[in-house]
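Okay, here's what each chain looks like letter by letter:
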Amino acid sequence: MRLSSAVLVAVSVTLASSFISSSPQMWTKLVLTQQWPTTFCSMVHCHQDINYWTLHGLWTDKMNDCNSSWHFNASEIEDLLPDMDKSWPDLLTPVAHKLQHEWQKHGTCAAKLTSLNSQHKYFSKALELYHTLDLDGTLRKFDIIPSEKYYNFSQIEGVVEKFYGIKPKIQCAQQSKNDAVQILGQIEICLDPEFNLQDCENKLPMENIPEKFWDVNTDSGYRVCDHDIQVYYPPLQ
């Protein structure tokens with residue numbers, strides 16, 4: 001007996017989303033993460049000419065890799081790719097590889113929401129939030145621009161807090177814990193499952209973290225910025 005196409009579609013949707021109801025731990029927060037490409041490329045030696053904040057990802061706060069069988073399919077988001085090439089570029093690998101990683105690690109977990117339960121919904125919502133919040137434009141509006149001068153951390157944090165009405169998570173790179181300056185690298189803005197802005201958790205790392213993990217050339221180069229250290233917001237070289 002052959003199943004009708006309608007039944008097959010219904011079964012595939014049920015299987016794709018079945019993990020949602022069976023997962024023992026659910027996330028409670030979405031994290032829209034944006035990065036400053038100049039800082040990122042100073043850490044990993046990539047080459048870029050992007051002079052605006054780019055989308056790094058739309059993440060959940062507790063869960064990763066929720067459904068390994070729900071594979072990324074670029075054809076489902078073909079209409080989004082022109083925007084993604086500009087707003088969500090991968091500075092190291094082809095965009096398709098980046099998006100496959102983001103879907104597998106984060107999208108399959110975000111899909112517990114009906115509003116994010118397909119690849120198109122997930123990626124289009126991330127782009128929508130990126131454009132609506134317009135972090136790059138907000139910083140420029142309040143004269144926080146890439147410069148050779150240093151900023152007090154409170155200047156940057158104050159602009160984001162005042163404009164969005166929430167406490168962000170702002171991350172910097174440092175070569176060592178004793179550096180006199182930190183480099184602005186990444187800003188996270190958090191939302192609840194209804195996409196309302198909310199405070200992010202801000203926790204400084206433990207003081208006994210080995211020095212090698214503070215090297216700006218490692219994947220662990222980002223940390224929550226220190227309120228008492230000046231911030232370098234590097235211009236495009």
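**A few points about the overall build of the protein**
Thinking step 1. Scanning the protein from terminus to terminus reveals 7 helices and 8 strands.
Thinking step 2. Across the 237 residues in the protein, those meeting the buried criterion constitute 47%.
Thinking step 3. Put simply, of all contacts in the protein between residues at least 6 apart along the chain, 74% involve residues at least 24 apart.
Thinking step 4. About 12200 Å² of surface is accessible on the protein, with carbon and sulfur atoms providing 53% of the total.

**What to know about the packing of aromatic side chains**
Thinking step 1. Applying the stated criterion to the full structure yields 12 aromatic pairs.
Thinking step 2. With 6.4 Å between their ring centres and 40 degrees between their planes, Trp-103 and Phe-123 make a pair best called tilted. You can see Trp-103 sitting in helix α4 (residues 95–110) and its partner Phe-123 sitting in helix α5 (residues 119–133), a full 20 residues away along the chain.
Thinking step 3. Residue class for Phe-123 comes out buried when judged on its relative accessible area of 0%.

**What about the pattern of salt bridges?**
Thinking step 1. Applying the stated rule across the entire model yields 6 salt bridges.
Thinking step 2. Residues Lys-167 and Glu-157 are paired through a salt bridge, measuring 3.1 Å at the closest nitrogen-oxygen approach. Remark: Glu-157 occurs in helix α7 (residues 153–164) and Lys-167 occurs in the loop between α7 and β4 (169–173); sequence separation between them is 10 residues.
Thinking step 3. Residue class for Glu-157 comes out buried when judged on its relative accessible area of 9%.
Thinking step 4. A residue is classified by how much of its surface remains accessible, and Lys-167, at 28% relative accessible area, is partly exposed.
Thinking step 5. Salt bridges sharing common partners tie together Glu-157, Glu-161 and Lys-167.

**Quick notes on the environment of Ala-111**
Thinking step 1. Mapped onto the elements of the fold, Ala-111 is located in the loop between α4 and α5.
Thinking step 2. For the pair formed by Ala-111 and Tyr-122, sequence separation is 11 residues and the distance between their alpha carbons is 7.3 Å.

**Here's the deal with α5**
Thinking step 1. Relative to the 21 Å expected for 15 residues at 1.5 Å per residue, α5 spans 21 Å between its end C-alpha atoms, a close match to the ideal helical length.
Thinking step 2. All of the buried residues in α5 are Gln-119, Tyr-122, Phe-123, Lys-125, Ala-126, Leu-127, Leu-129, Tyr-130 and Leu-133.
Thinking step 3. With its phi angle positive at about 45 degrees, Asp-134 sits one or two positions after the end of α5.

**Describing the pairing of strand β1 (residues 30–35)**
On a regular strand, each side chain points to the face opposite its neighbour's, so the side chains alternate between the two faces of the sheet.
Thinking step 1. Of all the 6 residues making up β1, 6 are buried; the element is thus mostly covered by neighbouring parts of the structure.
Thinking step 2. Side chains Leu-30, Leu-32 and Gln-34 project from β1 onto one buried face, and the interleaved Val-31, Thr-33 and Gln-35 project onto a second face that is buried too.
Thinking step 3. Taken together, the 6 bridges between β1 and strand β5 (residues 181–191) define a ladder with antiparallel strand orientation. The residue bridging Leu-32 from the neighbouring strand is Ile-189, located in β5.

**Some words on the nonpolar core**
Thinking step 1. Formed by 48 residues in total, the largest nonpolar core has its most connected members in Leu-30, Trp-53, Met-84, Trp-88, Phe-123, Leu-139 and Tyr-233.
Thinking step 2. Secondary-structure elements contributing two or more residues to this core are β1, β2 (54–60), α4, α5, α6 (135–141), α7, β4 and β5.
Thinking step 3. Ignoring sequence-local partners within four residues, the contact set of Met-84 consists of Ile-77, Pro-89, Leu-99, Phe-123 and Leu-127.
Thinking step 4. Counting residues in hydrophobic clusters, the runner-up holds 8 residues, among them Ile-50, Leu-91, Ala-173 and Tyr-222.

**Focus on the state of the cysteines**
Thinking step 1. Inspection of every chain in the model, using the stated rule, returns 4 disulfides.
Thinking step 2. In this model, Cys-66 is linked to Cys-109 through a disulfide, with the two sulfur atoms separated by 2.0 Å. The sign of the S-S torsion, about 100 degrees, decides the handedness of the disulfide formed by Cys-66 and Cys-109: right-handed. Taken together, the residues Cys-66 in the loop between β2 and α3 (81–87) and Cys-109 in helix α4 connect sequence positions 43 residues apart.
Thinking step 3. Look at Cys-109 and you get buried, because its relative accessible area is 1%.
Thinking step 4. Paired through a disulfide, Cys-172 and Cys-225 show a sulfur-sulfur distance of 2.0 Å. Sign of the S-S torsion, about 90 degrees for the bond between Cys-172 and Cys-225, identifies this disulfide as right-handed. Separated by 53 residues along the polypeptide, Cys-172 in strand β4 and Cys-225 in the loop between β7 (222–224) and β8 (230–232) bring together distant segments of the chain.
Thinking step 5. Once the bonded cysteines of the protein are numbered in order along the sequence, the disulfide links fall as 1-2, 3-4, 5-8, 6-7.

**Observations regarding the environment of Lys-29**
Thinking step 1. Within the secondary structure layout, Lys-29 lies in the loop between α1 (5–22) and β1.
Thinking step 2. Classification of Lys-29 by relative accessible area gives buried; the value is 11%.
Thinking step 3. Between the alpha carbons of Lys-29 and Lys-62 there is a distance of 8.1 Å; along the sequence they are 33 residues apart.
Thinking step 4. Not counting the four nearest positions on each side in its chain, Lys-29 is found in contact with Trp-59, Thr-60, Asp-61, Cys-190, Leu-191, Gln-198, Asp-199, Cys-200 and Glu-201.

The rules behind the values
- Residue positions are given per chain, counting from 1 as you read along its sequence in written order.
- Given that the model is predicted, a residue must reach a pLDDT of at least 70 before its local features are reported, and side-chain atom pairs must reach 80 or more before they are shown or counted; all residues, however, enter totals for whole chains, interfaces and linings.
- Only hydrogens and water are set aside; all other atoms, that is, all heavy atoms of the structure, feed into the side-chain values.
- Runs of E in the DSSP output that reach at least two residues are strands. Runs of H or I that reach at least four are helices, and both are numbered from the N terminus.
- Three exposure classes are used, based on accessible area relative to the maximum for each residue type with a 1.4 Å probe and protein chains only: buried under 20%, partly exposed in between, and exposed over 50%.
- Whether two residues are in contact is decided by their heavy atoms, any of which lying within 4.5 Å being enough.
- Residue burial considers only the protein chains on display, and all accessible areas are found by Shrake-Rupley using a 1.4 Å probe.
- Only the six-membered ring of Trp is used, alongside the rings of Phe and Tyr, when aromatic pairs are assigned; centres must lie within 6.5 Å, and planes under 30 degrees apart are stacked while those over 60 apart are edge-to-face, with the rest tilted.
- Salt bridges are identified by distance alone: a Lys or Arg side-chain nitrogen within 4 Å of an Asp or Glu carboxyl oxygen.
- Given the number of residues in a helix, its expected span is that number minus one, multiplied by 1.5 Å.
- For two strands to be treated as a pair, DSSP must find at least two bridges joining them.
- Throughout this description, the term nonpolar core refers to a set of buried Ala, Val, Leu, Ile, Met, Phe, Trp, Tyr and Cys residues connected via side-chain atoms within 4.5 Å.
- Here, a disulfide means two cysteine sulfur atoms that sit within 2.5 Å of each other.

So, to be careful, I would describe these as geometric facts and stop short of saying anything about function.
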